[in-house]
Amino acid sequence: MTSESSLRADIVEVGRRMYSRGYTASNDGNISVRLGADRLLMTPKSVCKGFMTPDMMCITDLDGKKLQGDRDPSSEMLMHLEVYRQRPDVRAVVHAHPPTATGFAVAGIPLDRAVLAEVVTTLGSIPIAEYATPSTSELPDAVRKYIKAHDGMLLANHGALTAGSDLFSAYYKMETIEHFAKISLVARLLGRENLIAREELLRLQELRGTYGIQAPAPICADVPMSDDPALCQVIQSPEGGGFRLVPDSTGPVPGLDGNRRREPPGGPGDPGGPGGPGKNDEAEIRLTYRELSALIEEAVKSLR
């Protein structure tokens, strides 16, 4: 087992990396790691994670009682304790506010689409735990719903949480979430995401075993196997029809050089959305200046 002095130094290093990457600001974020079966080493409250020293850390038991340390443990300690209670296999927990991933959390958009093979095989889907007041018992209640099946999740209007078999494993998963969020955001700004087809998704599931990845739960495409989110990792992955990649159905549709867009479900043009029945003709169409000019020119010619 890694010595306590080494773990203290590792927490300092992880905190430094999170701060230098902009995953935390000021005193944000917290980190914990198991010291044994019934003890945790944890960052203290009110300390910038980029400027910690090994002696600052606190030792608590699994009930949150401080056993050692001059400072009080993190104000988010209850969330960490809940992860360890639900997942005996977890040895470290990291919480941060990576900007792009947190933007998805604020927008209420989970990172649950089959977009990157590496993310599918390592993290699976990244759901959003419902909003809870930080530092209260509401937060562990929200985390409990997903932590049995997921090593990473977004926290609504709060940030992200990752868990791992060791400290750096938990931290690297935080890097993966932010990296995935950046790529997904760029793809959506460019017009659409091509999703990995369901048949390919099942192949990636099999590769988990080949790579030796110990995922907490299997993947299930689109529809959960039950109402219990602890049983599988739900990933949006459409039928491929022989293709490995499938254009996102809420993205651009053919024609006009790919610039005409179909409105996502629930929008004003969706019969089930705010526009109500009979509003499909109000779906948004975007044109470039050149395309608009060409349409106007054709219209003028038809009037002559």
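Scroll up to find the structure this text is about.
Worth saying up front: this structure is predicted, and the values here are computed from it rather than measured.

The rules behind each value
- Residues numbered from 1 in each chain as written.
- Predicted model: local features only at pLDDT ≥ 70, side-chain atom pairs only at ≥ 80, totals over all residues.
- Heavy atoms only, no water.
- Phe/Tyr/Trp six-rings, centres within 6.5 Å; stacked < 30°, edge-to-face > 60°.
- Helix = DSSP H or I, 4+ residues; strand = E, 2+ residues; numbered from the N terminus.
- Disulfide = S-S within 2.5 Å.
- Buried < 20%, exposed > 50% of the residue type's maximum accessible area, 1.4 Å probe, protein only.
- Salt bridge = Lys/Arg side-chain N within 4 Å of Asp/Glu carboxyl O.

Undergrad: Explanation requested: the packing of aromatic side chains in the structure shown.
TA: The geometry of an aromatic ring pair comes down to the distance between the two centres and the angle between the two planes. Evaluation of the coordinates by the stated rule reveals 3 aromatic pairs. Ring geometry for Phe168 and Tyr172: centres 6.1 Å apart, planes at 40°, overall tilted. Of this pair, Phe168 and Tyr172 are both found in helix α6 (residues 167-190), 4 residues apart, which corresponds to roughly one turn of the helix. One aromatic cluster is present, built from ring pairs that chain together Phe168, Tyr171 and Tyr172.

Undergrad: Help me understand the state of the cysteines, please; the structure alone is not making it clear to me.
TA: By definition, a disulfide links two cysteine residues through a covalent bond between their sulfur atoms. For the structure on display, the rule yields 1 disulfide. Here Cys220 connects covalently by a disulfide to Cys232, the sulfurs 2.0 Å from one another. Of note, the bridge from Cys220 to Cys232 carries an S-S torsion of about 55° and is right-handed in sense. Highlighted residues: Cys220 in strand β10 (residues 219-221) and Cys232 in the loop between β10 and β11 (233-235), separated in sequence by 12 residues. Classification of Cys232 by relative accessible area gives buried; the value is 3%.

Undergrad: I'm lost on the pattern of salt bridges in this one. Help?
TA: Pairing between side chains of opposite charge can happen when their charged atoms approach one another. Scanning the model with the defined rule gives 17 salt bridges in all. We note a salt bridge from Arg8 to Glu4, for which the minimum N-O separation is 3.0 Å. Placement of both Arg8 and Glu4 in helix α1 (residues 4-20) is noted, with a separation of 4 residues, approximately one turn of the helix. Across the salt bridge formed by Glu239 and Arg198, the nearest N and O atoms sit 3.4 Å from each other. You can see Glu239 sitting in the loop between β11 and β12 (245-247) and its partner Arg198 sitting in helix α7 (residues 198-211), a full 41 residues away along the chain. With relative accessibility at 51%, the residue Glu239 sits in the exposed group.

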